[in-house]
Amino acid sequence: FFHTMLADRFALAIDKLEAERAGFPAFIALSSCHRKKIIEDVQISHDTAMITYQSKLAFLIPKPLGTKNPQNWPGFRHPTIIMFNTIPDPIKRDMKPFYRCGYLFLGPKNMEDTSMANLYNRHSCTYSFPSNDVLSDIVQIDKRKHLLVRVMPEKPIRSTMPDSNLNFHLWVESIAWAMAQDEVQKEGVARELASGCIFIPERGVYRKKMNITGDESMYHCFRLHIFTKTRQIGVIGVRRKYIPPLIDCFQDLIFVLKGKVKLGQWTEEPNFMQTLERMVDSISPSAMDWRADSFWSKSFLDPPKQSHPTYIDKFIIQQQADALLCNHDVYSWLRNRKSFKIVPSMRFNGKECHLLAVKFCRSTCRAAYDGKIPMVDGDSDPKKMIASVKDPISIIKRFEASAEVMLSEQNVSKQVMALLLNNWRMRVSKYFAHVVDCYMPSSITIVKLAKLSSRANQLSPENKVACAKVTAFLLYMHKRGGVFIQPSNSVMEQISDPDLMSRMECNEVVLLKLLSAGYFERMNDGKDSEDLTTLLSNLLLRKSNNLDIIRAVCRKIRRKSKLNIPKLIEPLMILAHMGNAYSQTYAFQALAAIAKVGSSATEICKRKGVEVAMHVVSSSPSRELIQAAVSFLSTIVSMELDSEAIKKMSKIYFLNRLKYLISPQILGQRNNAPLLSAVARLIMCISQRNHHVLFYMVISGVIKELVAIIEDHSNYYRILIPISACLGTIFVKLGSSKSEYEALINVEDSVLNDSLRSQAQTLVLALKRMMNQEGLQVALNLLIVLKHMVMLVEDKKQRKKELLDELDENYAFEHVLNRCRDVAAQCEDIKQATGDNDTMWATIIAGVRGAADWLLRHVEELLDNEKKI
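Residues numbered from 1 in each chain as written. Predicted model: local features only at pLDDT ≥ 70, side-chain atom pairs only at ≥ 80, totals over all residues. Heavy atoms only, no water.

### Topic: the overall build of the chain
Item 1. A tally of regular secondary structure across the chain gives 38 helices and 17 strands.
Item 2. When the accessible area of the chain is evaluated, it comes to approximately 39,100 Å², of which 51% is carbon and sulfur surface. (Helix = DSSP H or I, 4+ residues; strand = E, 2+ residues; numbered from the N terminus. Areas by Shrake-Rupley, 256 points an atom, 1.4 Å probe, with all protein chains shown as cover.)

### Re the sheet that holds strand β2 (residues 95–100)
Item 1. On the basis of which strands lie adjacent, the open sheet formed by three strands has the order β2-β3-β12 and antiparallel pairing. Unpaired on one side and paired on the other, β2 and β12 (284–285) mark the two borders of the sheet.
Item 2. Two elements, strand β3 (residues 103–108) and β12, share two bridges in a ladder whose sense is antiparallel. Residue pairing in the sheet places leucine 104 in a bridge with serine 284 of β12.
Item 3. Helix-sheet contacts for helix α7 (residues 272–281) involve β2 and β3, and the interaxial angle to β3 is about 155 degrees. (Pairing = 2+ DSSP bridges. Contact = heavy atoms within 4.5 Å. Axes fitted to C-alpha atoms, helices over the stretch in contact; angles between N-to-C directions.)

### Section: the pairing of strand β5 (residues 124–128)
Residues in a regular strand project their side chains so that they alternate between the two faces of the sheet.
Item 1. Pairing between strand β4 (residues 112–113) and β5: two bridges, direction antiparallel. Looking at β5, one finds that glutamate 112 is bridged to serine 128.
Item 2. Bridging between β5 and strand β6 (residues 146–151) involves five bridges; their strand directions are antiparallel. Pairing of serine 124 across the sheet is with arginine 150, part of β6.

### Structural notes on the pattern of salt bridges
Item 1. Here the structure, examined in full by the defined rule, presents 29 salt bridges.
Item 2. As a salt-bridge pair, lysine 648 and glutamate 611 come within 2.5 Å of each other at their nearest N and O atoms. Of this pair, lysine 648 sits in helix α27 (residues 644–649) while glutamate 611 is found in helix α25 (residues 609–619), placing the two residues 37 residues apart along the sequence.
Item 3. For glutamate 705, the salt bridge goes to arginine 670, with nearest N and O atoms at 3.4 Å. On the criterion of sequence distance, the pair formed by glutamate 705 in helix α31 (residues 702–712) and arginine 670 in the loop between α28 (652–662) and α29 (673–689) is long-range, its members being 35 residues apart.
Item 4. Given a relative accessible area of 16%, glutamate 705 falls into the buried group.
Item 5. Judged by its relative accessible area of 15%, arginine 670 falls in the buried class.
Item 6. Via salt bridges that share partners, Glu173, Arg203 and Glu624 belong to a single interconnected network. (Salt bridge = Lys/Arg side-chain N within 4 Å of Asp/Glu carboxyl O. Buried < 20%, exposed > 50% of the residue type's maximum accessible area, 1.4 Å probe, protein only.)

### A look at the side chain of arginine 240
Item 1. Its location among the elements puts arginine 240 in strand β10 (residues 232–241).
Item 2. Judged by relative accessible area, arginine 240 falls into the buried class, the value being 5%.
Item 3. A polar contact of 3.1 Å, which involves the side chain of arginine 240, links it to the side chain of tyrosine 103. (Polar contact = N/O pair within 3.5 Å; in protein donor to acceptor, adjacent residues only side chain to side chain.)

### Observations regarding the nonpolar core
Item 1. Grouped together as the largest cluster of nonpolar side chains are 223 residues, with contacts concentrated most on Phe432, Leu474, Phe520, Leu572, Phe588, Leu633 and Met649.
Item 2. Setting aside its immediate chain neighbours within four residues, phenylalanine 588 contacts Ala576, Gly609, Val612, Ala613, Val616, Leu625, Ala628, Ala629 and Phe632.
Item 3. In terms of nonpolar packing, the next biggest core, distinct from the first, is built from 27 residues, Val151, Leu257, Met273 and Met279 among them. (Core = buried A, V, L, I, M, F, W, Y, C linked by side-chain atoms within 4.5 Å.)

### Quick notes on the packing of aromatic side chains
Item 1. Per the stated rule, a full pass over the model turns up 15 aromatic pairs.
Item 2. Here the aromatic rings of tryptophan 333 and phenylalanine 340 are separated by 5.8 Å at their centres, their planes lie at 50 degrees, and the arrangement is tilted. Note on accessibility: tryptophan 333 and phenylalanine 340 belong to one class, buried.
Item 3. The structure contains a cluster of three or more aromatic residues connected by ring pairs, namely Phe98, Phe105, Tyr127 and Phe255.
Item 4. The residue whose ring lies beneath lysine 145 is phenylalanine 129, and the NZ or CZ to ring-centre distance is 4.7 Å. (Phe/Tyr/Trp six-rings, centres within 6.5 Å; stacked < 30°, edge-to-face > 60°. Lys NZ or Arg CZ within 6 Å of the ring centre and 35° of its normal.)

### With respect to α31
Item 1. α31 sits mainly inside the fold: eight of its 11 residues count as buried.
Item 2. Buried within α31 are the following residues: Val702, Ile703, Glu705, Leu706, Val707, Ala708, Ile709 and Ile710.
Item 3. Residues of α31 that are buried in the fold lie against α28, α29, α30 (691–699), α32 (717–736), α34 (756–768) and α35 (776–792).

### So, the side chain of threonine 471
Item 1. Relative to the assigned elements, threonine 471 resides in helix α15 (residues 461–475).
Item 2. Residues contacting threonine 471, with those up to four places away along its chain left out, are Leu449, Ser453, Leu514 and Tyr519.

### Notes on the pairing of β6
Item 1. Where β6 lies against strand β11 (residues 249–258), six bridges are found, and the strand directions are antiparallel. Within β11, the residue paired with valine 149 across the bridge is phenylalanine 255.

### Some thoughts on α35
Item 1. Over its 17 residues, α35 runs 24 Å from end to end, which matches the ideal 24 Å to within 8%, given 1.5 Å per residue.
Item 2. The buried fraction of α35 amounts to 13 of the 17 residues, a majority that puts the element mostly inside the structure. (Expected span 1.5 Å × (residues − 1).)

### As for a nonpolar patch on the surface
Item 1. A grouping of Leu541, Ile574 and Met578 is seen on the molecular surface, where their side chains present a nonpolar patch of about 300 Å² in accessible area.
Item 2. With respect to the secondary-structure elements, leucine 541 resides in helix α20 (residues 530–542). (Patch = residues over 30% accessible without salt bridge, like charges linked within 9 Å, V, L, I, M, F, W, Y side chains within 5 Å.)

### Focus on the packing of helix α6 (residues 165–186) against helix α21 (residues 547–559)
Item 1. Relative orientation of the contacting elements α6 and α21 amounts to 105 degrees, with a least axis distance of 7 Å. As the angle between them shows, α6 and α21 are arranged roughly perpendicular. Contact residues: α6 offers Leu166, Asn167 and Leu170, while α21 offers Leu547, Asp548 and Arg551.
Item 2. Tallied by class, residues from the contact of α6 with α21 come to three nonpolar, one polar and two charged. (Parallel < 35°, antiparallel > 145°, perpendicular 65-115°, else oblique. Nonpolar A, V, L, I, M, F, W, Y, C, P; charged D, E, K, R; others polar.)

### Structural notes on unusual backbone geometry
Item 1. Cis geometry marks the peptide bond from proline 244 to proline 245; its omega dihedral reads 5 degrees.
Item 2. Position of proline 245 among the secondary structure elements: in the loop between β10 and β11.
Item 3. The phi torsion at isoleucine 247 lies on the positive side, around 45 degrees, for a residue other than glycine.
Item 4. In this model, alanine 812 sits at a positive phi of 50 degrees, which is unusual for a non-glycine residue.

### Regarding the environment of arginine 425
Item 1. For arginine 425, the location among the structural elements is in helix α13 (residues 414–438).
Item 2. It is 7.3 Å that separates the C-alpha atoms of arginine 425 and glutamate 400, two residues lying 25 residues apart in sequence.
Item 3. Not counting residues up to four positions away in its chain, the partners in contact with arginine 425 are Glu400, Phe473, Tyr476, Val483 and Phe484.
Item 4. In this structure the side chain of arginine 425 is engaged in a polar contact, spanning 2.7 Å, whose partner is the side chain of glutamate 400.

### With respect to the environment of alanine 779
Item 1. Considering the arrangement of structural elements, one finds alanine 779 in helix α35.
Item 2. When the C-alpha atoms of alanine 779 and isoleucine 721 are compared, they prove to be 9.1 Å apart, with 58 residues separating the residues in sequence.
Item 3. If we skip the residues at most four places from it in the chain, alanine 779 touches Leu767 and Met770.

### Remarks on the state of the cysteines
Item 1. Scanning all chains against the criterion turns up zero disulfides.
Item 2. Looking at the unpaired cysteine 467, the closest cysteine sulfur is the one in cysteine 365, lying at 9.5 Å. (Disulfide = S-S within 2.5 Å.)

### Examining the confidence of the model for the chain
Item 1. Taken residue by residue, the chain gives an average pLDDT of 79. The fraction at 70 or more is 80%.
Item 2. The secondary structure element of the chain with the lowest average pLDDT is strand β1 (residues 76–78), at 36, and the one with the highest is β10, at 95.
Item 3. Segment residues 288–308 is flagged for pLDDT under 50; beyond a separation of four residues in sequence, or across chains, it makes 82 contacts in the model. (pLDDT = per-residue confidence, 0-100.)

See below:
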């Protein structure tokens, strides 16, 4: 019966006796090009046959989902029935399965597939949602609520370097931004102004919550929630890695849910993102073809329970592991699945490869701890412990000798032999790096090795050299297309070679860990930093496609001061000008740090750093990139260079953009706190230096927006400090230039006076919540603003009286001011008791007292005058 099903499934006759005589399963004897498909289908056939033998129709799928008869669905693909047992009943009743290019996901019952039923193998499709409107049938589908699904072709997992999740995030964000900009342009907005009509309140990693078919693959998801003026868009990208049966490839899927186009004022649709998340949660591989004339449709009215497609081909994976053809992530994936028991088992001089790798790891641990081997993970049984050697590199030489003997038996030329030997040594280095990093994590990892081996005067000279050589071998730095040469001392010898650095290749996983551990700085301690600067500069220029390395290098530049800064400005400016959104963000963060060193700010301005940052702020939809560019501009302004940079930032289009960033966006939402804080700091810096900018901030309503932010975030000290400082700076500058704004002050309904009383009331309410040590700095800024508000109307006796009278009568202003003085006194007592002589705190306490006393004096004068009357 089993072979009858195979014949019907593949139109293929398999001679069982011939396969048994060969000594291995029949499907291995077939052509390798059909291997993957046949392995999956044989597993499906076997599972189905077992269920049929156990109980003919006892485990058939119940019909709560409202699915149609499979006979009427040509090309229908069904996963295992296990999914129906794991999904809650309410979800079952409201959702039904959809199939696309080998995958299944659950969607709302009212969602319809716009493609024909026999096109399930198309890589993309549009699913529409019915509308309750009368005219819904004649409305174009792109204006109705609909779902776009795209399944990208499978890609092989690189054996040299794991694929970065950051690159995947960038891919998803690029699609989301393109979708949003396309929607905005349909509304008639120019492309260069499109970013001002897009709001992205949510973005980040999303955790898939279901595995309804027991899939062995790993899923990584990234989500964005986008708003335009007419609709909302949800985007979730899904990366499925280690795809069975050979776990040698990954596949990306993108889900885009577009809400209905609504003109005018519209509200957010309830459960919009939850609908999309449920589809992504349920995404699973599907398998079985249900053709109307197939054996399956004739034998069963409904699909069987077990049709599992995720079969792992351990035979081929073991061969790949023996040849060391996997990368760090694949080795980790295999190690975390103990049931597979797949480790490199090829023998060298009578020992298996993984045992030699463990011996190398223990020997490295012995050298790093100066001859002492701590108890390691999994080695509690002394009989199972593998002996270590003093020199770990001797194990590598043993490998090379064995490989040379094996290659000599193949009668290849010396040139080919050298190439194959170098390729083999590189694969050995990658596997040994994985074992050192993962086999004994509590005792030794690459990061711990970097920190232990670079300790000054802690290791013997012999062990220090051994650790340095091991690190160099694991890093495997060599010329592109060249041969790795083991350095006699440490990797710093290789970094000082300009020819090698100009065409450098290495194990990028190890490089990232060494950068994070500060290994190169420790090894270069007390020496010229030129070589380290050259390494970082080359990585910025030659590894720009690896966002993990770019991020690590930019972090290193921000934290390391002893570098040749001028040599790093050019590669950072290239990234800031020509990189993608992520690399631009990292570059601006690094530029903001190095601009504070020496004359670097002047050099960056000469290379048009200000213009590039202003363009990014004006046009980019990425909040993280805008925040980095704004922080960079704030640093440039604070360096008090010539006024040329200030003049460029004083242009109206740029000031309008800054005001837009702190204003309420679509549906009244604001940007996140870090971006609001960065923009407030930039406004504060520019307003201090340029009277034209100050005048614009007054007449454009920026003051009103800053007060509204204080009202919205009254308990969030991190954002209140820069916002209140910006507001205080504006009012201090207004007070010092009172004569220049006389016209605005004298007119009661001017933009300056229009909301002065309501703004003062908001600030007093916020001040009441700052009566503690953490909020004292915010209290100082708010008191300064209130003080200068009173000063602005001081000449207008009636307006001053009305302002103070209302604050005291309705908001107990005098009590609030006395409370501020008490809190300042308490903080002073605490600082004196702890012996803290921080001058900043002393300045804050004195400022609170001075501003509170000044305001109290005017309130008391008002009360005295009322008593006299």
